[in-house]
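In case you want the letters, here they are:
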Amino acid sequence: MSEPAITKAPPRVALVVPCYNEEEVLPMTLPVLLDILGKLTERGLAAADSYVLCSNDGSRDRTWDIISRFNDSDPRVKGISLAHNRGHQNALLAGLMRARRDCDVSISLDADLQDSPETIFEMMEMYHAGYDIVYGVRSDRSSDTWFKRVTAHGFYRFQRAMGLETVFDHADFRLLDRRALDCLSEYDESNLFLRGIMPHIGLKWTTVTYRRSPRCAGESKYPLKAMLSLSIDGITSFTAKPMRLIFLTGLVMLLADIGVGIWVFTAHWLGQTISGWSSLMLSLWFLGSLVLIALGIIGEYIGKIFVEVKHRPRFHVAEETKN
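Residues numbered from 1 in each chain as written. Predicted model: local features only at pLDDT ≥ 70, side-chain atom pairs only at ≥ 80, totals over all residues. Heavy atoms only, no water.

S.K.: Got a minute to help me understand the pairing of strand S4 (residues 105-108) in this structure?
M.R.: Every other side chain in a regular strand lies on the same face of the sheet, so the side chains alternate between the two faces. Where burial is concerned, the two faces of S4 agree: the one with Val-105 and Ile-107 and the one with Ser-106 and Ser-108 are both buried. Sheet topology note: the strand S1 (residues 13-19)/S4 ladder contains four bridges and is parallel. Bridging from a neighbouring strand, Val-13 pairs with Val-105 of S4. Direction of pairing for S4 relative to strand S6 (residues 170-177): antiparallel, over a ladder of four bridges. Each bridged residue has a counterpart across the sheet, and for Ser-106 the counterpart in S6 is Leu-176. (Buried < 20%, exposed > 50% of the residue type's maximum accessible area, 1.4 Å probe, protein only. Helix = DSSP H or I, 4+ residues; strand = E, 2+ residues; numbered from the N terminus. Pairing = 2+ DSSP bridges.)

S.K.: Help me out: how do you make sense of the packing of aromatic side chains in this one?
M.R.: Where two aromatic rings form a pair, the distance of their centres and the angle of their planes describe that pair. Evaluated as defined, the whole model comprises two aromatic pairs. Here the aromatic rings of Tyr-135 and Trp-205 are separated by 5.6 Å at their centres, their planes lie at 70°, and the arrangement is edge-to-face. With a gap of 70 residues between them, Tyr-135 in strand S5 (residues 133-138) and Trp-205 in strand S7 (residues 205-210) connect regions that are remote in the sequence. Note on Phe-173 and Tyr-210: the rings are 5.2 Å apart at their centroids and 90° apart in plane angle, and the pair reads as edge-to-face. With a gap of 37 residues between them, Phe-173 in strand S6 and Tyr-210 in strand S7 connect regions that are remote in the sequence. The residue whose ring lies beneath Arg-43 is Phe-121, and the NZ or CZ to ring-centre distance is 4.1 Å. (Phe/Tyr/Trp six-rings, centres within 6.5 Å; stacked < 30°, edge-to-face > 60°. Lys NZ or Arg CZ within 6 Å of the ring centre and 35° of its normal.)

S.K.: Help me understand helix H7 (residues 194-201), please; the structure alone is not making it clear to me.
M.R.: For an α-helix, 3.6 residues make a turn, and residues three or four places apart therefore share a direction. A large share of H7 lies buried, amounting to seven of its eight residues. Turning to H7, its buried residues are Leu-194, Arg-195, Gly-196, Ile-197, Met-198, Pro-199 and Ile-201. Looking one or two residues beyond H7, the residue adopting positive phi is Gly-202, at roughly 80°.

S.K.: Looking at this structure, how should I read the nonpolar core?
M.R.: Most often, soluble globular proteins keep nonpolar side chains buried together rather than apart. Formed by 36 residues in total, the largest nonpolar core has its most connected members in Leu-15, Leu-40, Val-52, Ile-107, Ile-120, Met-124 and Leu-175. Among the elements of the structure, S1, helix H1 (26-42), strand S2 (51-56), helix H2 (63-73), S4, helix H4 (119-128), S6 and S7 are those that each provide at least two residues to this core. Setting aside chain neighbours within four positions, we find Leu-175 in contact with Val-105, Ser-106, Ile-107, Met-123, Met-124, Tyr-127, Asp-132, Ile-133 and Val-134. In this structure, Val-16, Ile-133, Leu-176 and Leu-181 belong to the second largest nonpolar core, which totals 23 residues. (Core = buried A, V, L, I, M, F, W, Y, C linked by side-chain atoms within 4.5 Å. Contact = heavy atoms within 4.5 Å.)

S.K.: Please clarify how the environment of Gly-250 should be interpreted in this entry.
M.R.: Mapped onto the elements of the fold, Gly-250 is located in helix H9 (residues 241-269). Distance from Gly-250 to Leu-290, taken between C-alpha atoms, is 9.3 Å for residues 40 residues apart in sequence.

S.K.: Could you clarify how one ought to interpret the pattern of salt bridges in this entry?
M.R.: Close approach of charged atoms allows side chains of opposite charge to pair. Considering all chains together, one arrives at eleven salt bridges under this definition. In this structure, Asp-182 and Arg-100 form a salt bridge, with 2.7 Å as the shortest nitrogen-oxygen distance. Here Asp-182, found in helix H6 (residues 178-184), pairs with Arg-100, found in the loop between helix H3 (88-99) and S4; they are 82 residues apart in sequence, far enough to count as distant. When its relative accessible area of 30% is taken as the criterion, Arg-100 is described as partly exposed. Ionic contacts of the salt-bridge type, sharing partners, join the residues Arg-12, Asp-49, Arg-98, Arg-101, Asp-102 and Glu-320 into one network. (Salt bridge = Lys/Arg side-chain N within 4 Å of Asp/Glu carboxyl O.)

S.K.: Explanation requested: the side chain of Asp-172 in the structure shown.
M.R.: As for its position among the elements, Asp-172 is in strand S6. Of note is the side chain of Asp-172, whose polar atom sits 3.2 Å from the side chain of Gln-89. Excluding residues that lie within four positions of it along the chain, Asp-172 makes contacts with His-88, Gln-89, Leu-92, Ser-108, Leu-109, Leu-194 and Arg-195. (Polar contact = N/O pair within 3.5 Å; in protein donor to acceptor, adjacent residues only side chain to side chain.)

S.K.: Please clarify how a nonpolar patch on the surface should be interpreted in this entry.
M.R.: Taken together, the side chains of Met-243, Ile-298 and Ile-302 define a hydrophobic patch exposed on the protein surface, amounting to about 240 Å² of accessible area. Tracing the chain through its elements places Ile-302 in helix H10 (residues 277-310). (Patch = residues over 30% accessible without salt bridge, like charges linked within 9 Å, V, L, I, M, F, W, Y side chains within 5 Å. Areas by Shrake-Rupley, 256 points an atom, 1.4 Å probe, with all protein chains shown as cover.)

S.K.: Teacher, can you tell me more about unusual backbone geometry here?
M.R.: For residues that are not glycine, phi is negative in most cases, and the peptide bond is trans in most cases. One non-glycine residue with positive phi stands out, namely Asn-21, at about 50°. Within the secondary structure, Asn-21 sits in the loop between S1 and H1. Positive phi values are uncommon outside glycine, yet Leu-203 reaches one of about 60°.

Okay, here's the thing in structure tokens:
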């Protein structure tokens, strides 16, 4: 791919890295990212005062100590530490909003180096070509287990079927320029699903593809339970389609009940009725399940409303690095 002509002055870039219990991986990650910043500066793609911003999500290990130690030796490593654990999406948003104060471009990526740092060069080239948002999209999932691959693709398809607009095979590896960060700051919801918010921002966007690498150390912070929770949050935060499906199911059941009612009355008047305990119990259990599922989905939306109307702060920053 030929490099586009650079027509903008080198921007100040912030590499935003949400961190939760990453003491094993950060000593390997930060030198790699600092080297990337140096190469970006050499190529004229980024300003010399660009930096790495670690957003510590209330880690219980030595993550914050490592960030502080790197900051003491190299001011290009900066950090904020949330007062307590608020989840990956809030930690990422906190880092992006801190970077928004003094950067021209932010690039968010995970601390485990699975999001290929080399792809950052291509992202910056797309920025200089005039794009406001650049999504990092996985070219394949051959490094995943069969179960992980099937469930991940299943989540994306289910989200689309429910009316949620997302970028397929994109997580949170993305470039946002200042204009996109300003737009993001206007979204005040407490139930964050950044992958769903980004397509709503619009602006000029593109994608770059990369191969996801194995985690260099430590354990994944996104097991199946967390993925499922994130998917449910995304669907219930952006679309009312599940509630419409309940309504349509109710209409279908109503039509079926009318048909059954006609049959029952006909059989009664013809004297063909037979007492049937099994059919009665099966019907009760089936309808009871539908009612419980419907109440559960409606409860998700009521819960979201309950949290949103409180307007509580999404996070508090307890500490910030000195340099």
